Number of protein chains: 2
Amino acid sequence: MNQRKKATIRDVAEAAGVSIATVSKYINRQQSFSPSVEEKLRSAILDLGYSQNPAARSMVTGRTTAIGLAVMDISNPHYANVMKGANRVALANGYNLLVVDLEEKSTGVRELLEPLVLRTDGLIVSARIPKDVVDWLAELDKPVAFLGQPERQGVVSVGMDSVEVASLLAGYLAQQGFTRIGYVGYPRAAWNVERLRGLHAVLDPAGIELMEFNAEEPTSEAGERVAAKVLLRSDRPQAVIGCNDLVAIGLMTQARALGFRIPEDVAFAGIDNIPTSRYVTPALTTVDVFSEATGEAVMKQIISMVTDQPPSDELRRQPLLIVRDSAKRVSGDDIPAKAEELSKSEELGK
Amino acid sequence: MNQRKKATIRDVAEAAGVSIATVSKYINRQQSFSPSVEEKLRSAILDLGYSQNPAARSMVTGRTTAIGLAVMDISNPHYANVMKGANRVALANGYNLLVVDLEEKSTGVRELLEPLVLRTDGLIVSARIPKDVVDWLAELDKPVAFLGQPERQGVVSVGMDSVEVASLLAGYLAQQGFTRIGYVGYPRAAWNVERLRGLHAVLDPAGIELMEFNAEEPTSEAGERVAAKVLLRSDRPQAVIGCNDLVAIGLMTQARALGFRIPEDVAFAGIDNIPTSRYVTPALTTVDVFSEATGEAVMKQIISMVTDQPPSDELRRQPLLIVRDSAKRVSGDDIPAKAEELSKSEELGK
DNA sequence: TTGAAAGCGCTAACAA
DNA sequence: TTGTTAGCGCTTTCAA
């Protein structure tokens, strides 16, 4: 069955008594064959254990049947789930996934991506990379789809609208009756300004104060680190939005360590709806951005670009508010610093 | 700078006025050159934006400078962190990572792995794949390193000793004074029997009863689903070990939903020390298996195999017990087998 | 339906 | 130090 040395198309041709061209056409299902040839080919391939050498094929066709995926941080469950979706669609279509974890780096990114361009037919890249790298990619003679909206027009991007996501959350918090809301952002991300825009768009008209803070990284650890700054102050926000669930969970954990009751003393909400958010206490209110479906969608998109097919009519999904316990307006009591107007609207009972 | 068509080695040779062999040697740093040639090469490559075609190179050298990584479930933070470590070492050594998420499948695994073998110089594969696939891989003419110990001798494997991990945890729980301990395993994993062995090795001599349960999958959801079966019984265990943190967290969450106080009524412990385990309430006692370091180690290992270097003298790391609140023996009283009583837990007073 | 032959871009002898 | 050349395994005209 298995030879010591990999069988080549030539070995198959010889074993089957046909030319290599015929073998090539056979394995690529490019035409029909006489039954006798077909059978000989089938068995020759089988007992030589032959399989195509992708490098050789790639050389002449110029295609690799591989897609590159570059994410900011694979240990962020959002990205892991994007990858899960992308992986599924890639495998189903006969593509392999070349993955690069950027580890939240902002320098040397292009050097990391460079090897991918020759090795793949198309690239999926987080929009959160430096602008010059986005530009370089966009100018490349290779299909690229961005995860999220980069600071550049005219590129393909898949993912939620950041403004919308933020507005959705702001709307809910406003409706809960919070009047002073904190946002812990991550200024190095392109979406940060959009989030802020979405927040302001809803909160400003409602006369709700928005306090802006920044995390050093979009991680739980960074959330923990910034918590004291956000919470230990006379004008402490009544509700705090983390720029993602990880940050929110870090904030919430540290808030509890500082002695705050959640959500009575301070409420929390996140963005992404990572699996963990359901298992923390209290369960985290968040916005589902459908990470896995996003991964599937972006992979479908890049594959259709690569194969010159019309883009899949995957409609842009709407973000979905996930109401859990961490951001319920439970009591109207003290929380002061100054006066707290109770009697705000209390629509959602439970 | 950037041509419409990718520049080839021939273009560079022409632009620099040298032969393609010289260019090849130059880009592979195989010898030294006269200053004039060196300079011409440098600038020609630069302004043609040339880069090596990996497929072409691979064809003649037979090497791909890519490593395959197949994990059971990339949304399990353990695997995501293994991948993070592997990614880091791979990139640092000029290798690219071809990743396959097996999605906990147990059929068709070989078909998923097959394309990787021709595309990579070596493979890192979870030991939790079907035995026949392990055998196939082991017989392959390609370096393979397993993540964890598969049911087969004589293969390279990196990761914690499952017996040891289980014993460590059992030792702690015994020391805490628990006398009836539950283990929620995942029978389809090769490590399951070893875990059991490690547990029994410690608990049996101590006269501690071990109750065995199984989760349908190694996930939090499966943990939640099995919780009732584990807990709603007259001989309820005083402490429950999840076969990984995910399962333990699911169990714990559902236990709380069922009205149990943790760890007073029932204690929990997991295995892996995924980041989340620190953020649940109460924080989960677990065993650190150093996922990320494992990823680094296994990648170093496979690279040294691929390059015929002596295996890195990475010593096998010991698992580390992480004591947190979920498994502290708080009350010595007799956990009643029936109803729950007492007031609610007031936890943090503030 | 089948085959011959020309490369794809590169490396590695071997020569010069 | 530099160049010539023979392939690596495959696909793809173009003929037969």
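Conventions we followed
- Here the residue index of a chain counts from 1 through its sequence in written order.
- To label them, take the chains in the order written and letter them from A, then take the ligands in the order written and number them from 1.
- Where totals are concerned, whole chains, interfaces and linings use all residues; where local detail is concerned, this predicted model gives features only for residues with pLDDT of at least 70, and gives and counts side-chain atom pairs only at 80 or more.
- The side-chain figures draw on all heavy atoms in the structure; neither hydrogens nor water molecules are used.
- Nearness is defined per residue: one heavy atom within 4 Å of the molecule or strand is enough.
- Within 3.5 Å is the distance limit for a polar contact, defined as a pair of N or O atoms, with the added protein rule that one can donate a hydrogen and the other accept it, and that residues adjacent in sequence qualify only through two side-chain atoms.
- Secondary structure elements are defined from DSSP: runs of H or I of at least 4 residues count as helices, runs of E of at least 2 residues count as strands, and each element is numbered from the N terminus.
- The atoms used to superpose the copies are C-alpha atoms, taken from residues with pLDDT of at least 70 in both, and the fit is least squares.
- UniProt positions are given in the numbering used here, feature names are shortened, and annotations may be inferred rather than shown by experiment.
- One bridge is not enough; two strands pair if DSSP finds at least two bridges between them.
- Between N-to-C directions, angles cover 0 to 180 degrees, with each direction set by a line fitted to C-alpha atoms, over the stretch in contact for helices.
- Here a residue-residue contact requires only that any non-hydrogen atoms of the pair lie within 4.5 Å.
- Angles below 35 degrees are treated as roughly parallel, those above 145 as roughly antiparallel, those between 65 and 115 as roughly perpendicular, and all remaining angles as oblique.
- The residue classification treats Ala, Val, Leu, Ile, Met, Phe, Trp, Tyr, Cys and Pro as nonpolar and Asp, Glu, Lys and Arg as charged. All others, Gly included, are polar.
- In short, buried area is how much 1.4 Å probe accessible area vanishes from two parts on joining, totalled over both.
- Here, a salt bridge means any side-chain nitrogen of Lys or Arg that lies within 4 Å of a carboxyl oxygen of Asp or Glu.
- Note on definitions: the grid is 1 Å and covers protein atoms alone; a cavity is a set of points where a 1.4 Å probe fits but cannot get out; a pocket is an open set with protein on both sides within 12 Å along at least five of seven lines; lining residues have an atom within 4 Å of a point.
- Grid points are joined across faces, edges and corners, and a volume is the space filled by probe spheres set on the points.
- For every domain, the bounds stem from an assignment made automatically or drawn from a database.
- Here's how the labels work: a residue is buried when its accessible area is under 20% of the maximum for its type, exposed when over 50%, partly exposed in between, all with a 1.4 Å probe on protein chains only.
- By the criterion used throughout, a crossover qualifies as right-handed when its path from the first strand across the helix to the second strand runs clockwise, the strands pointing away from the viewer.
- Here, patches come from residues exposed beyond 30% relative accessible area and free of salt bridges, joined within 9 Å for like charges and within 5 Å for nonpolar side chains (Val, Leu, Ile, Met, Phe, Trp, Tyr).
- Only the protein chains shown count as cover for residues, and the accessible areas themselves come from Shrake-Rupley with a 1.4 Å probe.

Focus on the protein's contact with DNA strand C
Okay, step 1: Around DNA strand C, the surrounding shell holds 28 residues, and the nearest of these are A:S32, A:S34, B:I9, B:Y50 and B:Q52.
Okay, step 2: Put simply, 64% of the atoms of DNA strand C that lie within 4 Å of the protein are in sugar or phosphate.
Okay, step 3: The separation between a base oxygen of DNA strand C and a polar side-chain atom of A:K25 is 2.5 Å.
Okay, step 4: At the level of elements, α2 (20–27) and α4 (54–61) of chain A together with α1 (9–16), α2 (20–27) and α4 (54–61) of chain B are the ones that each hand at least two residues to the surface near DNA strand C.

Overview of the protein's contact with DNA strand D
Okay, step 1: Around DNA strand D, 29 residues are found, and the nearest of them are A:I9, A:Y50, A:Q52, B:S32 and B:S34.
Okay, step 2: Considering DNA strand D, the proportion of its atoms within 4 Å of the protein that are sugar or phosphate atoms stands at 58%.
Okay, step 3: Contacts to DNA strand D include A:N28, whose side-chain N or O atom sits 2.9 Å from a phosphate oxygen.
Okay, step 4: Between DNA strand D and the protein, one listed contact pairs a base nitrogen with a backbone N or O atom of A:A56 at 3.3 Å.

Considering the relation of the copies chain A and chain B
Okay, step 1: With an RMSD of 0.1 Å, the operation that places chain A on chain B is a rotation of 180° combined with a shift of 0.1 Å along the axis. This pairing of chains is accounted for by a two-fold axis.

A look at the UniProt feature "domain: HTH lacI-type" (unreviewed entry) in chain A
Okay, step 1: According to UniProt, the "domain: HTH lacI-type" (unreviewed entry) feature falls on residues 7–61 of chain A.
Okay, step 2: A distance of 21 Å separates the end C-alpha atoms of residues 7–61 of chain A, which is 69% helix and 0% strand.

What about the sheet that holds strand β9 (residues 267–269) of chain A?
All names here are of chain A.
Okay, step 1: In space, the four strands of this open sheet follow the order β7-β6-β8-β9, with parallel pairing throughout. If you trace the sheet from one side to the other, it starts and ends with β7 (209–214) and β9, each paired once. Along the sheet, successive strands turn relative to each other by an average axial angle of 20°, direction set aside.
Okay, step 2: Pairing of strand β6 (residues 180–185) with strand β8 (residues 239–242), which is carried by four bridges, proceeds in the parallel orientation. By the bridge assignment for β8, V184 is matched with G242.
Okay, step 3: Sheet contacts for helix α10 (residues 220–231): β6, β7, β8 and β9; angle to β7, the most-contacted strand, approximately 145°.

Structural notes on the packing of α1(B) against α2(B)
All names here are of chain B.
Okay, step 1: Two elements in contact, α1 and α2, have axes separated by 8 Å at closest approach and are oriented at 105°. Compared by their axis directions, α1 and α2 come out roughly perpendicular. Across the interface between the two elements, I9, R10, V12 and A13 of α1 pack against I20, V23 and S24 of α2.
Okay, step 2: Across the contact of α1 with α2, the residue classes break down as five nonpolar, one polar and one charged.

So, the interface of chain A and chain B
Okay, step 1: Listed by partner, the interface residues are 51 residues for chain A and 52 residues for chain B.
Okay, step 2: Summing both partners gives a buried area of about 4,600 Å² for chain A against chain B, and 54% of it is carried by carbon and sulfur.
Okay, step 3: Ranking the residues of chain A by area buried against chain B places A:L118, A:R119 and A:Y279 at the top, with a combined share of 15%.
Okay, step 4: Taken together, the connections running from chain A to chain B amount to 10 salt bridges.
Okay, step 5: Across the salt bridge formed by A:E103 and B:K84, the nearest N and O atoms sit 3.6 Å from each other.
Okay, step 6: At the junction of chain A and chain B, the tally comes to 23 residue pairs in polar contact (both at pLDDT 80 or more).
Okay, step 7: Of all the elements in the fold, those that place two or more residues in the side of chain A that touches chain B are α4, α5 (77–92), β2 (96–101), α6 (109–119), α10 and α11 (245–257) of chain A.
Okay, step 8: By residue class, the composition of the side of chain A that touches chain B is 20 nonpolar, 15 polar and 16 charged.
Okay, step 9: Sheet topology note: the β2(A)/strand β2 (residues 96–101) of chain B ladder contains three bridges and is antiparallel. Bridge pairing in β2(B) places A:V99 opposite B:L97.

Side note on empty space enclosed by the protein
Okay, step 1: Within this structure, the stated rule accounts for three cavities of 30 Å³ or more.
Okay, step 2: When its volume is computed, the largest cavity comes out at roughly 440 Å³.
Okay, step 3: Listing elements by their share of the lining of the largest cavity, those giving two or more residues are α5 (77–92), α8 (162–176) and α9 (191–203) of chain B.
Okay, step 4: Domain assignment of the residues forming the lining of the largest cavity places at least three in each of domain 2 (66–160 + 292–306) and domain 3 (162–289 + 319–347) of chain B.
Okay, step 5: Approximately 260 Å³ is the volume found for the second largest cavity.
Okay, step 6: Along the wall of the second largest cavity there are 17 residues; nearest its centre are A:A55, A:R119, B:P54, B:A55 and B:R119.
Okay, step 7: Residue classes in the lining of the second largest cavity are distributed as 10 nonpolar, five polar and two charged.

Overview of the pairing of strand β4 (residues 144–147) of chain A
Residues and elements named next belong to chain A.
Okay, step 1: Of the two faces of β4, both are covered, the one formed by V144 and F146 as well as the one formed by A145 and L147.
Okay, step 2: Of the pairings in the sheet, the one linking strand β3 (residues 122–126) to β4 comprises four bridges and is parallel in character. Paired with V125 across the two strands is F146, which belongs to β4.
Okay, step 3: Considered for its hand, the β-α-β crossover made up of β3, helix α7 (residues 131–139) and β4 is right-handed.

Examining a nonpolar patch on the surface
Okay, step 1: Among the surface-exposed residues, A:M59, A:V60, B:M59 and B:V60 lie close enough to one another that they form a single nonpolar patch of about 420 Å² accessible area.
Okay, step 2: Among the elements of the structure, α4 of chain A together with α4 of chain B are those that each provide at least two residues to the nonpolar patch.
Okay, step 3: The topology assignment puts B:M59 in helix α4.
Okay, step 4: A residue is classified by how much of its surface remains accessible, and B:M59, at 41% relative accessible area, is partly exposed.

Considerations on unusual backbone geometry
Okay, step 1: The step from A:T281 to A:P282 runs through a cis peptide bond, and the omega angle for that step is -10°.
Okay, step 2: Structurally, A:P282 is set in the loop between β9 and β10 (286–288).
Okay, step 3: For the bond running from B:I262 to B:P263, omega is 5°, close enough to zero to count as cis.
Okay, step 4: Considering the arrangement of structural elements, one finds B:P263 in the loop between α11 (245–257) and β9 (267–269).
Okay, step 5: At A:E103, a position not held by glycine, the phi torsion is positive, near 50°.
Okay, step 6: With respect to the element layout, A:E103 can be found in the loop between β2 and α6.
Okay, step 7: For B:R29, which is not glycine, the phi dihedral falls at a positive 45°.
Okay, step 8: The topology assignment puts B:R29 in the loop between α2 and α3 (35–48).
Okay, step 9: Its relative accessible area of 69% is what places B:R29 among the exposed residues.

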